[in-house]
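Chain by chain, the residues:
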Amino acid sequence: MAITNLTTAQARALTPSFSPQYSGSLEVKASTISGAGDGCFAKTNIANGATIGTYAGYTHDHSNYEFTRRGKLYWSDYVMDFCESNSNGEKTNHFTVNGLYGGNELRYINGCAGNASIDPNVEFNNDGEAYAIKAISAGDELFMDY
């Protein structure tokens, strides 16, 4: 499968040596949501609007969703779909990132949809970058609405 015209985020996600430098501000530990497994937590305060990092992992062209890697089909709970848009709002360059392979701490951001007691504090832009949609205090778990 050939992937061309990669964005910076996609290129970084594909690079095996890409090691996101989030460890100073994020940590993975047991989620505050019962039964959710691990979660992603802020180790430092994160300002509203601040970029937190880029979702990393094995990236592939979404049009070839039933893809193989090393001859084996695989699926993961850590799959995120991104779709860039041009200045006219037309969707372009739809790609999927599997955080199970080469991922980082951002793959542990849990969803809070359906849980009225939790508000999302993180969103992803179309380039795969996570940013704070409200101020996040050190020790808070990161949540998104999915």
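Cut-offs applied
Residues numbered from 1 in each chain as written. Predicted model: local features only at pLDDT ≥ 70, side-chain atom pairs only at ≥ 80, totals over all residues. Heavy atoms only, no water. 1 Å grid on protein atoms, 1.4 Å probe; cavity = no way out; pocket = protein on both sides within 12 Å on 5 of 7 lines; lining within 4 Å. Points joined across faces, edges and corners; volume = space filled by probe spheres on them. Nonpolar A, V, L, I, M, F, W, Y, C, P; charged D, E, K, R; others polar. Phe/Tyr/Trp six-rings, centres within 6.5 Å; stacked < 30°, edge-to-face > 60°. Helix = DSSP H or I, 4+ residues; strand = E, 2+ residues; numbered from the N terminus. Buried < 20%, exposed > 50% of the residue type's maximum accessible area, 1.4 Å probe, protein only. Lys NZ or Arg CZ within 6 Å of the ring centre and 35° of its normal. Core = buried A, V, L, I, M, F, W, Y, C linked by side-chain atoms within 4.5 Å. Contact = heavy atoms within 4.5 Å. Pairing = 2+ DSSP bridges. pLDDT = per-residue confidence, 0-100. Salt bridge = Lys/Arg side-chain N within 4 Å of Asp/Glu carboxyl O.

Asker: I'm lost on the layout of surface pockets in this one. Help?
Answerer: Rolled over the atoms, a probe sized like a water molecule indicates the empty space that remains. Computed from the structure, the largest pocket encloses a volume of approximately 230 Å³. Lining the largest pocket are 15 residues, with Asp-77, Tyr-78, Arg-107, Ile-109 and Tyr-146 sitting closest to its centre. Residue classes in the lining of the largest pocket are distributed as 10 nonpolar, 2 polar and 3 charged.

Asker: Looking at this model, I keep getting lost on the packing of aromatic side chains. Mind explaining?
Answerer: Any aromatic ring pair is given by two values, namely how distant the centres are and how the planes are angled relative to each other. Under the definition given, this model contains 1 aromatic pair. Taking the centre distance of 5.8 Å and the plane angle of 80° together, the rings of Tyr-55 and Phe-124 count as edge-to-face. Of this pair, Tyr-55 sits in the loop between strand S3 (51-54) and strand S4 (58-61) while Phe-124 sits in strand S10 (residues 122-124); the two residues are 69 residues apart in sequence, bridging distant segments of the chain. Phe-124 matches Tyr-55 in its accessibility class, with the two residues each being buried. Against the face of Phe-41 rests Lys-29, its NZ or CZ located 4.8 Å from the ring centre.

Asker: So what exactly am I meant to see when it comes to the nonpolar core here?
Answerer: Soluble globular proteins tend to pack their nonpolar side chains together in the buried interior. Membership of the largest hydrophobic core comes to 20 residues, with the highest contact counts inside it found for Ile-52, Leu-106, Ile-109, Phe-124, Ile-136 and Leu-142. Sorting the residues of this core by element identifies strand S2 (38-42), strand S7 (79-85), strand S8 (91-98), S10 and strand S11 (129-132) as the ones contributing at least two each. With residues near it in sequence (within four places) discarded, Phe-124 still touches Tyr-55, Met-80, Phe-82, Leu-106, Ile-109, Glu-129, Ala-130, Tyr-131 and Met-144.

Asker: Explain the pairing of S2 here, please?
Answerer: Here is the key point about a regular strand: its side chains alternate between the two faces of the sheet. Most of S2 is tucked away: 4 of the 5 residues are buried. Bridge count for strand S1 (residues 26-30) against S2 is 5 bridges, and the pairing is antiparallel. Note that in S2 the partner of Lys-29 across the bridge is Gly-39.

Asker: Just checking my understanding: could you explain the confidence of the model for the protein chain for this structure?
Answerer: Reading fine detail from the predicted coordinates is not recommended where pLDDT is low. When pLDDT is averaged along the protein chain, the result is 77, and 72% of the positions lie at 70 or above. The weakest mean pLDDT in the protein chain belongs to strand S6 (residues 72-73) at 43; the strongest belongs to strand S12 (residues 143-144) at 96. Taken together, the stretch residues 16-21 has pLDDT below 50 and engages in 5 contacts with residues farther than four places along the chain or on a different chain.

Asker: Is there a simple way to explain the pattern of salt bridges in this structure?
Answerer: Should their charged atoms come close, side chains of opposite charge can pair. The final tally for this structure, using the stated rule, is 2 salt bridges. With a shortest N-O distance of 3.9 Å, Lys-29 and Glu-27 are connected by a salt bridge. With relative accessibility at 36%, the residue Lys-29 sits in the partly exposed group. Across the pair Lys-134 and Asp-119 runs a salt bridge, and its minimum N-O distance is 4.0 Å. Residue Lys-134 is found in the loop between S11 and S12, and its partner Asp-119 is found in the loop between strand S9 (110-111) and S10; the two are separated by 15 residues along the sequence.

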